[in-house]
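# Breakdown of the fold
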Amino acid sequence: MSKQILILPGDGIGPEIVDEAVKILACLRDDYGLDIDMHEALVGGAAIDATGGPLPEATLELAREADAILLGAVGGPKWEPLPYAVRPERGLLGLRGGLGLFANLRPAILYPQLAAASSLRPEIVAGLDIVIVRELTGDIYFGKPRGVHINEDGQRVGVNTMVYTEAEIRRICRVAFDIARKRNKSLCSVDKANVLESTELWREVATEVGAEYPDVALSHMYVDNCAMQLVRNPKQFDVIVTGNIFGDILSDEASMLTGSIGMLPSASLDEHGKGMYEPIHGSAPDIAGKGVANPLATILSVAMMLRYSFGDEDNARRIEQAVTRVLDRGLRTADIMSAGMRQVGTSEMGDAVLAALGQE
Ligand code: NAD
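Description of the structure in this document.

### A few points about the overall build of the chain
- Check the secondary structure of the chain and you find twelve helices and 14 strands.
- The C-alpha radius of gyration computed for the chain amounts to 21 Å, which stays within 12% of the reference 21 Å derived for 360 residues, consistent with globular compactness.
- Principal axes of the C-alpha set define a box for the chain whose edges measure 65 × 50 × 45 Å.
- Looking at the chain as a whole, 51% of its 360 residues qualify as buried.
- For the chain, the exposed surface amounts to about 15700 Å²; the carbon and sulfur share of it is 52%.
- Distance between charge centroids for the chain: 3 Å, based on 34 positive and 50 negative side chains.

Printed below as a string of structure tokens:
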């Protein structure tokens, strides 16, 4: 049966960049045997304008039925005055929670052609290729008790609780070990086991799961050291697995090593490999509607979809190689432009990737 893909363009540059990714999907469907149907729905600010809420029931229903979801981005100044509970970003949280997307995969890849875009020296980052696997539905962001209260001395006290069950740790570790197994068989689990009991448990459970994967070399690192090592010698890492808050911070740090927010895809997966795929950047209201946004992060999100939700490694590689070829030919959107390269707009970049799909 055809795989069902739900397309959620969202706001700002979302529709522009998603259009380019849809072109790629349509070409793979028509010419390379990718058996898919695509459906489109509203989310974020676009959904607020049309229906009054950021995640209409119809969208959530389609998302539940889909095998995979491609999201552009949500949000923008127009909706900032709204209360938090009905802001565009709530649509994303509703999708993650409603679909049980607990595993966030954030690759940080530095294409050699773009090494100059990093704030680190090219020899430190050229060829960088890391995947950070972040647990997405637990930890201090969800733990209880939480809130601000007045204590017996009349002082305000803020409380959040870091909490993980062993089942939550085990399932995210398995996702990470499976990915490590398909790559260089090396996994670094990041915790703060020297001071936080919940992450002492994390280390114990990661080690237990490691016994199921004797072919993968497991190491452990404290989060403060990992933050330092990522800027000192990032190429020592291949796959990193960590909890929600550490992963939030480390994945942003790792993505910035590559210098270009417009290049990086991400995936959020449930227990059965169903996923929501999206660029790591936001809706970039400052450039929306100008036709200059970089569509490559969204196009590379499609490659992740094919690899992780559909097991279609051939077409995933086809997309990634096409992107490499286009960069080799010197085509650049404004955000990755450098001297001697040719600047192109959003749709010209998408068309170039499309044309490169079939080239050897
Ligand atoms: P942003 O990622 O949208 O933009 C940051 C900077 O990077 C801007 O200068 C922008 O022009 C540039 N940029 C981003 N994507 C680009 C691309 N593909 N090509 C070229 N340049 C690109 O972050 P922000 O400005 O902090 O947030 C804008 C809006 O996006 C806010 O409403 C925020 O809440 C929302 N947001 C949404 C998501 C999401 O949908 N997953 C993620 C982050 C932020």
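### A look at the site of the ligand
- The immediate surroundings of the ligand are formed by 20 residues, with Val74, Glu89, Gly282, Ala284 and Asp286 found nearest.
- At 3.1 Å, a side-chain N or O of histidine 281 approaches a nitrogen atom of the ligand.
- Contact between the ligand and glycine 282: an oxygen atom at 2.7 Å from a main-chain N or O atom of the residue.
- Against a free-state accessible area of 810 Å², the protein chains account for coverage of 68% of the ligand.
- For the shell around the ligand, the per-class residue count stands at nine nonpolar, seven polar and four charged.

### Focus on the sheet that holds strand β2 (residues 36-40)
- Pairing in this open sheet of ten strands is mixed, and the strands run β2-β1-β3-β12-β11-β4-β5-β10-β8-β9 from one edge to the other. Across the chains shown, the open sheet's two edge strands, defined by having one partner strand only, are β2 and β9 (217-222). Mean inter-strand twist for the sheet, computed between neighbouring axes without regard to direction, equals 20°.
- Sheet analysis places strand β8 (residues 186-191) next to strand β10 (residues 239-242), joined by four bridges and oriented parallel. Bridged to cysteine 188 within β10 is isoleucine 240.
- Those strands touched by helix α7 (residues 197-210) are β5 (129-135), β8, β9 and β10, and its axis lies near 170° from that of β9.

### Considerations on the environment of glutamine 4
- Within the secondary structure, glutamine 4 is located in strand β1 (residues 3-10).
- Classification of glutamine 4 as buried rests on a relative accessible area of 16%.
- It is 39 Å that separates the C-alpha atoms of glutamine 4 and valine 223, two residues lying 219 residues apart in sequence.
- In this structure glutamine 4 touches Asp37, His39, Ala66, Asp67 and Ala68, once residues within four positions along its chain are discounted.
- Within polar-contact distance, the side chain of glutamine 4 engages the side chain of aspartate 37 at 3.0 Å.

About the criteria used
Residues numbered from 1 in each chain as written. Predicted model: local features only at pLDDT ≥ 70, side-chain atom pairs only at ≥ 80, totals over all residues. Heavy atoms only, no water. Helix = DSSP H or I, 4+ residues; strand = E, 2+ residues; numbered from the N terminus. Rg over C-alpha atoms; globule rule 2.2 N^0.38 Å. Buried < 20%, exposed > 50% of the residue type's maximum accessible area, 1.4 Å probe, protein only. Areas by Shrake-Rupley, 256 points an atom, 1.4 Å probe, with all protein chains shown as cover. Lys, Arg positive; Asp, Glu negative; His and termini not counted. Charge placed at Lys NZ, Arg CZ, Asp CG, Glu CD. Near = heavy atom within 4 Å. Polar contact = N/O pair within 3.5 Å; in protein donor to acceptor, adjacent residues only side chain to side chain. Nonpolar A, V, L, I, M, F, W, Y, C, P; charged D, E, K, R; others polar. Pairing = 2+ DSSP bridges. Axes fitted to C-alpha atoms, helices over the stretch in contact; angles between N-to-C directions. Contact = heavy atoms within 4.5 Å.

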